[in-house]
Amino acid sequence: MPKPQILRSPAQLRDHGLVPPERVDALDEVARRYAVALPPALAALIDRGDARDPIARQFVPDACELEARPQELADPIGDDAHSPLPGIVHRYPDRVLLKLTQICAVYCRFCFRRETVGKPDALPRAALDAALDYIRSRAGIWEVILTGGDPLVLSAGRLREVMKALAAIDHVKVVRIHTRVPVAEPERISAELVRAMKAKGKAVYVAVHVNHPRELTAAARAAIARIADAGMPLLGQSVLLAGVNDTPEVMSALMRALVECRIKPYYLHHADLAPGTAHLRTDIETGQELMRALRGHASGLCQPTYVLDIPGGAGKSPIGPHYLERVGANGSARYVVEDFRGQRHHYPPPL
Ligand SMILES: *Cc1c(COP(=O)(O)O)cnc(C)c1O
Ligand code: SF4
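The present account deals with the structure reproduced in this document. Since we're looking at a predicted model, the values are computed, not measured.

Rules behind the numbers
Residues numbered from 1 in each chain as written. Chains lettered and ligands numbered in written order. Predicted model: local features only at pLDDT ≥ 70, side-chain atom pairs only at ≥ 80, totals over all residues. Heavy atoms only, no water. Helix = DSSP H or I, 4+ residues; strand = E, 2+ residues; numbered from the N terminus. Rg over C-alpha atoms; globule rule 2.2 N^0.38 Å. Buried < 20%, exposed > 50% of the residue type's maximum accessible area, 1.4 Å probe, protein only. Contact = heavy atoms within 4.5 Å. Areas by Shrake-Rupley, 256 points an atom, 1.4 Å probe, with all protein chains shown as cover. Lys, Arg positive; Asp, Glu negative; His and termini not counted. Charge placed at Lys NZ, Arg CZ, Asp CG, Glu CD. Near = heavy atom within 4 Å. Polar contact = N/O pair within 3.5 Å; in protein donor to acceptor, adjacent residues only side chain to side chain. Pairing = 2+ DSSP bridges. Axes fitted to C-alpha atoms, helices over the stretch in contact; angles between N-to-C directions. Core = buried A, V, L, I, M, F, W, Y, C linked by side-chain atoms within 4.5 Å. Domains from an automatic or database assignment. Right-handed = clockwise from strand over helix to strand, strands pointing away. Nonpolar A, V, L, I, M, F, W, Y, C, P; charged D, E, K, R; others polar. Expected span 1.5 Å × (residues − 1). Arc of directions from axis to C-beta.

This paragraph deals with the overall build of the protein. The helix and strand inventory of the protein stands at 11 helices and 12 strands. Here the C-alpha atoms of the protein give a radius of gyration of 21 Å, agreeing with the 20 Å that 2.2 N^0.38 yields for 351 residues. Each of the three principal axes of the protein carries a C-alpha extent, and together these read 70 × 55 × 40 Å. Taken over 351 residues, the protein has a buried fraction of 50%. Long-range pairs, those at least 24 residues apart, make up 73% of the contacts in the protein between residues at least 6 apart in sequence. Summed over all atoms, the accessible surface of the protein reaches about 16000 Å², with 55% contributed by carbon and sulfur. Between the mean site of the 45 positive side-chain charges and the mean site of the 40 negative ones, the protein shows a separation of 6 Å.

This is the structure in structure tokens:
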């Protein structure tokens, strides 16, 4: 077996036994269209004998990716429509995304930004200055969310500089870092990088993207512990994916594993309409059933909010199951509420 390295082409994936030789040509076409990178920590998790391995499904390119559907969108959540200048997406009044880089440690095959990630350009200095000016000049911006790309692929020096600039903006109270690095390249989460993630006087939250409990290896757990021990609260973001985490067993194991790592599950995202990802999407009913299965059967700490990012850019809305219904006409109106076993109970009418 060749020595561990980041695998960036179908030929390298073949050399590591992750792609059959006869599929390399077809996958070269996928790789020309969408970025490929599989770091050793994740490659090591793949069971080569399992054609439906949930780690491989997320990261090893598949010829299906060239089959775009008419309802799929190059910019599924409408970032462009809300981007006043390069590097900034400002959809909600009190918070902005700041995209420092388009590079990620691993390229997820279902990525909603797959048309833009992987381009080898960090935000140029002048553009970063303009983005920071934009934030400085708008007192309504309470939170800055570093995303990309993955902000934790940046050097500690570069990250420290950005955090210092954000720390100096009075009205910014919260900085959130969205990342997959703790599971993709846990060794990158060094003491120096963790120090660089802090912003003096601000609450820094770290949202970690994890979709399968096996991603939380001992090394990943140690990396996450380094962040938690440094005092930064951790949130979990997962994407609901067909053949990866769309069963109650895997979903509850994932949520429990996150909580055990001191990560509070925050969002379970319905998979976005990114081009060539139909084979990885489920229907919304599947997600609602999974949420029902979690409720009451796993600790309240294990409950994320199931959300849909509305195609076109209207924002995120919760789409989980409902437990409360109002029945009867005006005079006899009352509520019926369902418990976690599916039993229905009456609740008195409104006052
Ligand atoms: C998802 C998103 C956010 C963050 O939304 P929260 O509900 O606060 O997690 C902020 N801005 C944009 C543009 C987003 O797409
Ligand atoms: S880490 Fe996030 S931004 Fe990067 S490819 Fe995966 S989903 Fe997309």
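With that settled, the discussion passes to the site of ligand 1. Residues in contact with ligand 1, as listed here, are Ile-77, Val-89, Arg-91, Tyr-92, Arg-95, Leu-97, Ile-145, Arg-176, Tyr-266, Tyr-267 and Lys-316. Interatomic distance of 3.0 Å between a side-chain N/O atom of Arg-91 and an oxygen atom of ligand 1. Interatomic distance of 2.5 Å between a side-chain N/O atom of Tyr-267 and an oxygen atom of ligand 1. Starting from 390 Å² of accessible surface for ligand 1 in isolation, the protein chains cover 91%.

A word on the sheet that holds strand S12 (residues 344-347). Taking strand neighbours across the sheet as the criterion, the 3 strands line up as S10-S11-S12 in an open arrangement whose pairing is antiparallel. Strands at the two margins of the open sheet, each flanked by one partner only, are strand S10 (324-327) and S12. Here the strands of the sheet are splayed against their neighbours by 30° on average, with no regard to which way each runs. Of the pairings in the sheet, the one linking strand S11 (residues 334-338) to S12 comprises 4 bridges and is antiparallel in character. Among the inter-strand pairings, Val-337 is bridged to a residue of S12, identified as His-345.

Here we come to the nonpolar core. Grouped together as the largest cluster of nonpolar side chains are 91 residues, with contacts concentrated most on Leu-38, Leu-98, Ile-135, Val-144, Leu-146, Met-163 and Leu-166. Each of domain 1 (10-66) and domain 2 (80-318) accounts for three or more of the residues forming this core. Not counting residues within four places of it along the chain, the set of residues in contact with Leu-98 comprises Gly-87, Ile-88, Leu-123, Ala-131, Leu-132, Ile-135, Val-144, Ile-145, Leu-146, Thr-147 and Val-162. Of all hydrophobic cores here, the second largest spans 5 residues; its members include Cys-104, Tyr-107, Cys-111 and Val-117.

Burial of strand S4 (residues 174-179) is extensive: 6 of the 6 residues sit out of reach of the surface. Here S4 shows two buried faces, one formed by Val-174, Arg-176 and His-178 and the other by Val-175, Ile-177 and Thr-179. Where strand S3 (residues 143-147) meets S4, 4 bridges bridge the pair, whose relative direction is parallel. If you follow Leu-146 over to S4, its bridge partner there is Ile-177. Following the chain from S3 across helix H6 (residues 156-167) to the adjacent parallel S4, one finds a crossover that is right-handed. Pairing of S4 with strand S5 (residues 203-209) involves 6 bridges; the strand directions are parallel. Each residue of the ladder has a partner; that of Arg-176, found in S5, is Tyr-205.

Further remarks concern the site of ligand 2. Close to ligand 2 lie Cys-104, Val-106, Tyr-107, Cys-108, Cys-111, Val-117, Arg-180 and His-209, which account for all nearby residues. Residue composition of the shell around ligand 2, by class: 6 nonpolar, 1 polar and 1 charged.

Next up on the list: the pairing of S3. Burial within S3 is extensive, with 5 of its 5 residues counted as buried. Where burial is concerned, the two faces of S3 agree: the one with Glu-143, Ile-145 and Thr-147 and the one with Val-144 and Leu-146 are both buried.

The next subject is the sheet that holds S5. Within the open sheet, the 9 strands sit side by side as S1-S2-S3-S4-S5-S6-S7-S8-S9. Their pairing is mixed. Strand pairing shows two members of the sheet lacking a second neighbour, strand S1 (88-92) and strand S9 (315-318), which therefore form its edges. Neighbour-to-neighbour, the strand axes of the sheet open up by a mean angle of 25°, direction not taken into account. Sheet analysis places strand S7 (residues 263-270) next to strand S8 (residues 305-310), joined by 3 bridges and oriented parallel.

Turning next to helix H5 (residues 125-136). If you check H5, its first and last C-alpha atoms are 16 Å apart, about what 12 residues at 1.5 Å a residue would give, namely 16 Å. Listing the buried residues of H5 in full gives Ala-127, Leu-128, Ala-131, Leu-132, Tyr-134 and Ile-135. Along the axis of H5, the buried residues cluster in a sector spanning 155°; they form a single face. Buried positions along H5 lie against S1, strand S2 (95-99), S3 and H6.

Shape is all these values report; function is a separate question.
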